[in-house]
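# Structural overview
Now for the letters of each chain:
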Amino acid sequence: MSSLAAFLIVELFVESALYGLYLSTFIFCLRALLLSKSTSTFKPLRQINYLMLAVALALFIVGTLNLLLGLMRNLHLFAFPMQTDTKDKWIDIVKPISVNIQTLLADGVLTYRCWIVYGKSVLVALFPAFLWAMTVVLVSLNIIATQEYLHTGVRTERAYILGLTTLAMTITLNIYATSVIALRIWLVNRQTKRISTTSVSQLTPLRTIMRIVIESGLMYTLASICSLAASIAKSNVVFPISAVMSMTVGIAFNLIIIRIARTKEASETLPALPHPQGPQMTELRFRGMCSRSNPLESQPVNEVAGHF
């Protein structure tokens, strides 16, 4: 058995194992999006976040397709090797495209969250939006470049460079957007402590959301960095890493929705925070974290959490 064949088997095993974990998070994600925890009934239609629901379903469809393509490829290579011909090379093209689609969906949502957290500030979201648009262009060019693979069976250098650049764009976008979102939440949380009697050591809803965003961002970013390193080294280990990256996109997305939904529900039961001057603060708002020349929209924590 060749080294490539061994890595393809490992890829299918890793992807199948992670798919089981992904499937469980997907079910809980749908529950958080569609059901009310207090009554265990469907939420009113106006309370459903249709954008996140659509992305969750799209990630599930594409992730499942990617796993099935990996199974088909291994069956063609090992179970029916005599029946494999040039037409089967389409699987080697569609699988990377499916991973790229997952990446574009996740990066688009991350850019949207960055825009929302900063009060729909175009200035803050401009850089990640630019990176996302460039990634769309690079993925489109890569699809065109890989068409030659159907005829020659050899990947061109142009497709290789486009793939590396796409990964680099994704990593940059994730590091930037995750960092600025975490910074925004940290600044708001610090200001909230100044006007509340909450213990500094207590884990507030905002701190919980910040930790969730950072952890999920690191999960996907590290997988992307490993994939980029393996691609640069032109190592076959890129196949199992690609499987990890494919499933990590959906897992990280689902975990953010699940954990923040629980944080939102817990924050609704917190008592009002007394203000030093008398009034009570019943909502934690994203206010006062910018210069007066560029004020950001005031947003309660539950409203922001609803966009995650």
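Values in this document were obtained by computation on a predicted structure and should not be read as measured data.

Turning to the packing of aromatic side chains, a few remarks are in order. One pair of aromatic rings is described through two measures. These are the centre distance and the angle between the planes. Within the structure shown, the criterion is met by six aromatic pairs. In this structure an aromatic cluster arises from ring pairing among Y19, Y22, F26 and F60. If you follow R184 out to its NZ or CZ, it ends over the ring of Y118, 5.3 Å from the centre. Across the ring face of Y160, the terminal group of K234 is positioned such that the distance to the ring centre comes to 4.8 Å.

It is worth spelling out the nonpolar core at this point. By size, the foremost hydrophobic cluster in this structure holds 30 residues, and its most contacted members are Y22, L33, F253 and I257. Where this core is concerned, the elements lending two or more residues are α1 (3-34), α2 (50-79), α3 (90-117), α6 (157-194), α7 (205-233) and α8 (238-267). For this core, the leading source of residues is α8, giving eight residues. Apart from the residues within four sequence positions on either side, Y22 is in contact with A56, L59, F60, M247, G250, I251 and N254. Of all hydrophobic cores here, the second largest spans 25 residues; its members include C114, L162, A177 and M210.

This part is about the environment of R262. In this fold, R262 is placed in helix α8. Once the C-alpha coordinates of R262 and P205 are considered, the two residues, 57 residues apart in sequence, prove to be 9.9 Å apart.

Looking now at the confidence of the model for the protein. The predicted model of the protein has a mean per-residue pLDDT of 81, with 77% of residues at 70 or higher. With pLDDT under 50 throughout, residues 272-298 is counted as low confidence; its partners more than four residues away or in other chains account for 52 contacts.

The rules behind these values
Residues numbered from 1 in each chain as written. Predicted model: local features only at pLDDT ≥ 70, side-chain atom pairs only at ≥ 80, totals over all residues. Heavy atoms only, no water. Phe/Tyr/Trp six-rings, centres within 6.5 Å; stacked < 30°, edge-to-face > 60°. Lys NZ or Arg CZ within 6 Å of the ring centre and 35° of its normal. Core = buried A, V, L, I, M, F, W, Y, C linked by side-chain atoms within 4.5 Å. Buried < 20%, exposed > 50% of the residue type's maximum accessible area, 1.4 Å probe, protein only. Helix = DSSP H or I, 4+ residues; strand = E, 2+ residues; numbered from the N terminus. Contact = heavy atoms within 4.5 Å. pLDDT = per-residue confidence, 0-100.

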